[in-house]
Amino acid sequence: MAKNIVYFDLETQKSADEVGGWDKISRMGMSVGVTYSTARGDYKIYGEKQVDDLIRELQRADLVVGFNHLRFDYEVLHGYTALDMRQLPTLDMLVDLQNQLQHRLSLDAIATATFGVEKVAEGMQAIQWYREGKLMEIAEYCCYDVKLTKLIHEYGVQNRRFHYVNRFGAKLTVPVKW
């Protein structure tokens, strides 16, 4: 049977400022979480009321792939569960790249250089949408981020490398071992 890779991202209800800083991520609250399961072959959208179902799906995955989810998304989920999410089989592409390059990259920098596409919004916009009750907009944005994460991971697996644009606008290539 094929491995079940679950691509994952979530958005929050509050910003770091609103909860008293980046050391209190678990207090931010999830507005929307999105997964793509290779076993199911589709996206699943979770609201805060379904957070337990989301956590269960992540637990069942053979591998959870995300971008900055060890430091951020899992910490948000720690506000809902006693489980240590970091014990799950995980590939955090940001952490992997940061260890290699000695600096952080944005999902956008990779997507722009590798596929010529850009993110449609950013996290602070999603928080504003949450305040306005626009959960569909958040879900769409979150699905798009999951799709970018999936495309970048698959490209990396297939080509053993991908491209990124550095802060000076130069297009560079980084090898990966996924």
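For clarity, every value in this text was computed on a predicted model and none was experimentally measured.

1. Thoughts on the overall build of the protein chain
Across its full length, the protein chain holds seven helices and seven strands. Secondary structure elements of the protein chain occur, N-terminal to C-terminal, as β-α-β-β-α-β-α-β-α-α-α-α-β-β. Overall, the protein chain is about 40 × 40 × 30 Å in size when its C-alpha atoms are taken along their principal axes. Counting every position in the protein chain, which comprises 178 residues, the buried fraction comes to 48%. Sequence separation of at least 24 residues holds for 60% of the intrachain contacts in the protein chain that already meet a minimum separation of 6. Counting only carbon and sulfur atoms, one obtains 49% of the accessible surface of the protein chain, whose full area is about 9300 Å². Side-chain charges of the protein chain comprise 22 positive and 24 negative groups, with the mean position of each set lying 4 Å from the other.

2. So, the pairing of strand E7 (residues 171–175)
As paired elements, strand E6 (residues 161–165) and E7 share five bridges and run antiparallel to each other. The residue of E7 that forms the bridge with Phe-162 is Val-174.

3. A word on the sheet that holds strand E2 (residues 30–37)
An order of E3-E2-E1-E4-E5 is seen for the five strands of this open sheet, with the pairing classed as mixed. Each edge of the sheet is formed by a strand with only one pairing partner; in this case those strands are strand E3 (42–47) and strand E5 (90–92). Going across the sheet, the axis of each strand differs from the next one's by a mean of 25°, ignoring polarity. Pairing geometry for E2 and E3, over six bridges, is antiparallel. Paired with Val-34 across the strands is Ile-45, a residue of E3. Along the sheet, helix H2 (residues 51–60) contacts strand E1 (5–12), E2, E3 and strand E4 (63–66); its crossing angle with E2, the most-contacted strand, is approximately 35°. Strand contacts of helix H3 (residues 69–77): E1, E2, E4 and E5, with the helix running at about 70° to E1, the strand carrying the most contacts.

4. As for helix H5 (residues 107–115)
Listing the buried residues of H5 in full gives Leu-107, Ala-109, Ile-110, Ala-111, Ala-113 and Thr-114. Buried residues along H5 sit in contact with helix H4 (93–101), helix H7 (135–159), E6 and E7. At the exit of H5 stands Gly-116, carrying a positive phi of roughly 75°.

5. Notes on H3
Of the residues making up H3, those classed as buried are His-69, Phe-72, Asp-73, Tyr-74, Val-76 and Leu-77. The arc enclosing the buried residues of H3, seen along the axis, measures out at 165°, which places them on a common side. Among the structural elements, E1, E2, H2, E4 and E5 are those in contact with the buried residues of H3.

6. Some thoughts on the pairing of E4
Judged by which residues are buried, E4 turns out to be covered on both faces: Leu-63 and Val-65 on one side and Val-64 and Gly-66 on the other are all buried. Note that E1 and E4 share three bridges and pair parallel. When the bridges of E4 are listed, Tyr-7 appears paired with Val-65. Each parallel crossover has a hand, and the one from E4 via H3 to E5 is right-handed.

Parameters and conventions
Residues numbered from 1 in each chain as written. Predicted model: local features only at pLDDT ≥ 70, side-chain atom pairs only at ≥ 80, totals over all residues. Heavy atoms only, no water. Helix = DSSP H or I, 4+ residues; strand = E, 2+ residues; numbered from the N terminus. Buried < 20%, exposed > 50% of the residue type's maximum accessible area, 1.4 Å probe, protein only. Contact = heavy atoms within 4.5 Å. Areas by Shrake-Rupley, 256 points an atom, 1.4 Å probe, with all protein chains shown as cover. Lys, Arg positive; Asp, Glu negative; His and termini not counted. Charge placed at Lys NZ, Arg CZ, Asp CG, Glu CD. Pairing = 2+ DSSP bridges. Axes fitted to C-alpha atoms, helices over the stretch in contact; angles between N-to-C directions. Arc of directions from axis to C-beta. Right-handed = clockwise from strand over helix to strand, strands pointing away.

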